[in-house]
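Survey of secondary and tertiary structure
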Amino acid sequence: MKIEDLKIKVKPRYNYGYKVGVTVHINGKKFPLERNHVYAHNKDNQAIITAMIDGDYHNDNELVVSTLKKEMKERGII
């Protein structure tokens, strides 16, 4: 699996009109898995990183390599 194959959506969650946090959907699966739990924010993609760790996507070597190559291209290293 490559990083381009993942469908990642970050959705804000509101409670009585106030933003309480965000949920992350990776390929249709919602993170955090617990009901009524949210990640505090998505600053520096922290919610996405935490969701990928919770979903055990960090053990996929091909995914990690494709992510690093993509970031290196964006920064102009490659």
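This text follows the structure it describes.
Note that this is a predicted model, so its numbers are computed, not measured. (Residues numbered from 1 in each chain as written. Predicted model: local features only at pLDDT ≥ 70, side-chain atom pairs only at ≥ 80, totals over all residues. Heavy atoms only, no water.)

1. Details of the nonpolar core
As a rule of thumb, soluble globular proteins bury nonpolar side chains together. Note the cut-off: The term nonpolar core refers to a set of buried residues drawn from Ala, Val, Leu, Ile, Met, Phe, Trp, Tyr and Cys, joined through side-chain atoms within 4.5 Å. To sort residues, take the accessible area from a 1.4 Å probe on protein chains only and compare it with the maximum for the residue type: under 20% means buried, over 50% means exposed, and anything in between is partly exposed. Working definition: helices are DSSP H or I runs of at least four residues, strands are E runs of at least two. Numbering for both runs from the N terminus. Contacts are assigned to residue pairs with any non-hydrogen atoms lying within 4.5 Å of each other.
Membership of the largest hydrophobic core comes to 13 residues, with the highest contact counts inside it found for Leu-6, Val-24, Ile-26, Tyr-39, Met-52 and Tyr-57. Contributing elements (two or more residues each) for this core: strand S2 (18-26) and helix H1 (46-54). Here this core gets four residues from one element, more than from any other, and that element is H1. With sequence-adjacent residues up to four places away left out, Ile-26 is seen in contact with Leu-6, Lys-7, Ile-8, Phe-31, Ala-51, Met-52 and Tyr-57.

2. Observations concerning the side chain of His-25
Counting through the fold element by element, His-25 comes out in strand S2. Those residues in contact with His-25 that lie beyond four places of it in its chain are Lys-7, Ile-8, Lys-9, Lys-11, Arg-13 and Lys-30.

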